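Each chain, letter by letter, is given below.
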Amino acid sequence: RSLVKASPDGSASTSSEAPDLMVSPAASNLEREHEIKALKGELEKNPDHVPILLRLAQVSRDTGKLKDSIRYLQDAVTQSPNHIDANLELGRALFETGDIDGALRATQQVLESNPAHADALYNIGAIYGNMSRDAEARKYWEKLVSVAPDSESGRRAKENLPKLK
C-alpha cells in the first residue's frame, strides 16, 4: 500500500508565492541540480519562505536525495507547523525511510488541522495496513469513505478495505 502525495500532479506546493525557478518534470538531473542551486540562493535571501523549502524538498526527492528532502520538509514544518502539504509530504518521506513513528506524527498533524483530510486519512490507514494493524487501518479508511467517498483516496480506501483482516 503506497501513500499518496500532497498534490495530484506530484509536485510540492509551488504557489504563486514561490519564485519562478521550476524546471519541467522531465528535466535532467543536471537541470535539477541547477534548480537546487538557484533555489538555495533564493532561500539565503528569504530563509523562512515555505514555498521555496517545499520546492527544494521536491527537487531533492526527484534527484534521489530523500534525506535532503526530509530536512527541507522539516524546516518548512518548523516555519509553518500546520502546513498541510509540508506535513503530508514529510509523513510520506519519513515512511519511506522507515521512520514509522515520525510518519504517523507528521500525518496526524494534518488531521489536527483538518480532521477530514482525505489524503491524510488514507496515508495513516496505509501506514497501519503496512504494519498489519488492520483494525487501525480500517478505522481511518472507513472514516475516509464516509467523509470523502468520491475522492481518489476515498476510492482507494474503498478498494483496499476488503483486503484488511
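Predicted model, so just to flag it, every value in this text is computed and none were measured. (Residues numbered from 1 in each chain as written. Predicted model: local features only at pLDDT ≥ 70, side-chain atom pairs only at ≥ 80, totals over all residues. Heavy atoms only, no water.)

### Concerning the overall build of the protein chain
When you go through the protein chain residue by residue, the secondary structure sums to eight helices and zero strands. Going from the N terminus to the C terminus, the protein chain shows its helices and strands as α-α-α-α-α-α-α-α. Pairs at least 24 apart in sequence give 50% of the contacts found in the protein chain among residues at least 6 apart. Accessible area for the protein chain stands at about 8,400 Å²; split by element, carbon and sulfur atoms hold 49% of it. (Helix = DSSP H or I, 4+ residues; strand = E, 2+ residues; numbered from the N terminus. Contact = heavy atoms within 4.5 Å. Areas by Shrake-Rupley, 256 points an atom, 1.4 Å probe, with all protein chains shown as cover.)

### Things to note about the confidence of the model for the protein chain
Summary statistics for the protein chain give a mean pLDDT of 86 and a share of 84% for residues scoring 70 or more. The lowest-confidence element of the protein chain is helix α1 (residues 29–45), averaging 82 in pLDDT; the highest-confidence one is helix α7 (residues 134–147), averaging 97. Predicted confidence is poor over residues 7–23, with pLDDT under 50, and the contacts of this stretch with residues over four places away or in other chains come to 32 contacts. (pLDDT = per-residue confidence, 0-100.)

### So, the nonpolar core
Core analysis: the biggest nonpolar cluster contains 43 residues, and L56, L90, W141 and L144 have the highest contact counts within it. Top element by residues in this core is helix α6 (residues 118–130). It accounts for eight residues. Not counting the four nearest positions on each side in its chain, L90 is found in contact with I70, L73, Q74, V77 and A106. (Core = buried A, V, L, I, M, F, W, Y, C linked by side-chain atoms within 4.5 Å. Buried < 20%, exposed > 50% of the residue type's maximum accessible area, 1.4 Å probe, protein only.)

### Some points on the packing of aromatic side chains
The geometry of two aromatic rings is summed up by the distance between their centres and the angle between their planes. Scanning the entire structure with this criterion turns up two aromatic pairs. Seen in terms of ring centroids, Y122 and W141 are 5.2 Å apart; in terms of plane orientation they differ by 15°. Their pairing is stacked. One end of the pair, Y122, is in helix α6; the other, W141, is in helix α7, and 19 residues separate them in sequence. The exposure class assigned to W141 is buried, which follows from its relative accessible area of 0%. With centroids separated by 6.0 Å and ring planes inclined at 25°, the aromatic side chains of Y128 and Y140 adopt a geometry described as stacked. Within this pair, whereas Y128 is found in helix α6, its partner Y140 is found in helix α7, the two being separated by 12 residues in sequence. Since its relative accessible area comes to 11%, Y128 is described here as buried. Take Y140: its relative accessible area is 12%, and that puts it in the buried class. R71 extends its terminal NZ or CZ atom over the ring of Y72, reaching a point 4.7 Å from the ring centre. (Phe/Tyr/Trp six-rings, centres within 6.5 Å; stacked < 30°, edge-to-face > 60°. Lys NZ or Arg CZ within 6 Å of the ring centre and 35° of its normal.)

### Some details on the environment of R71
Mapped onto the fold, R71 is located in helix α3 (residues 66–79). Its relative accessible area of 38% is what places R71 among the partly exposed residues. Spatially, the C-alpha atom of R71 lies 10.0 Å from that of S60, the residues being 11 residues apart in sequence.

### Focus: the packing of α6 against helix α8 (residues 152–160)
Closest axis-to-axis distance for the α6/α8 pair is 9 Å, and the angle between their directions is 30°. When the axis of α6 is compared with that of α8, the two are roughly parallel. Two packed elements cross with a definite hand, and for α6 against α8 that hand is left-handed. Seen from α6, the contacting residues are A118, D119 and Y122; seen from α8, they are S153, R156, A157 and N160. Its residues assigned to classes, the contact of α6 with α8 comprises three nonpolar, two polar and two charged. (Axes fitted to C-alpha atoms, helices over the stretch in contact; angles between N-to-C directions. Parallel < 35°, antiparallel > 145°, perpendicular 65-115°, else oblique. Left-handed = near helix turned anticlockwise from the far one by under 90°. Nonpolar A, V, L, I, M, F, W, Y, C, P; charged D, E, K, R; others polar.)

### Notes on α7
Its 14 residues give α7 an end-to-end C-alpha distance of 20 Å, which sits within 8% of 20 Å, the value for a rise of 1.5 Å per residue. For α7, the full list of buried residues reads D134, A137, Y140, W141, L144 and V145. Down the axis of α7, the smallest arc covering the buried residues is 135°, so these residues share one side. Every exposed residue of α7 that faces more than 90 degrees away from the buried side is listed here: A135, K139 and S146. Summarising the contacts, the buried residues of α7 are in contact with α5 (100–113), α6 and α8. (Expected span 1.5 Å × (residues − 1). Arc of directions from axis to C-beta.)

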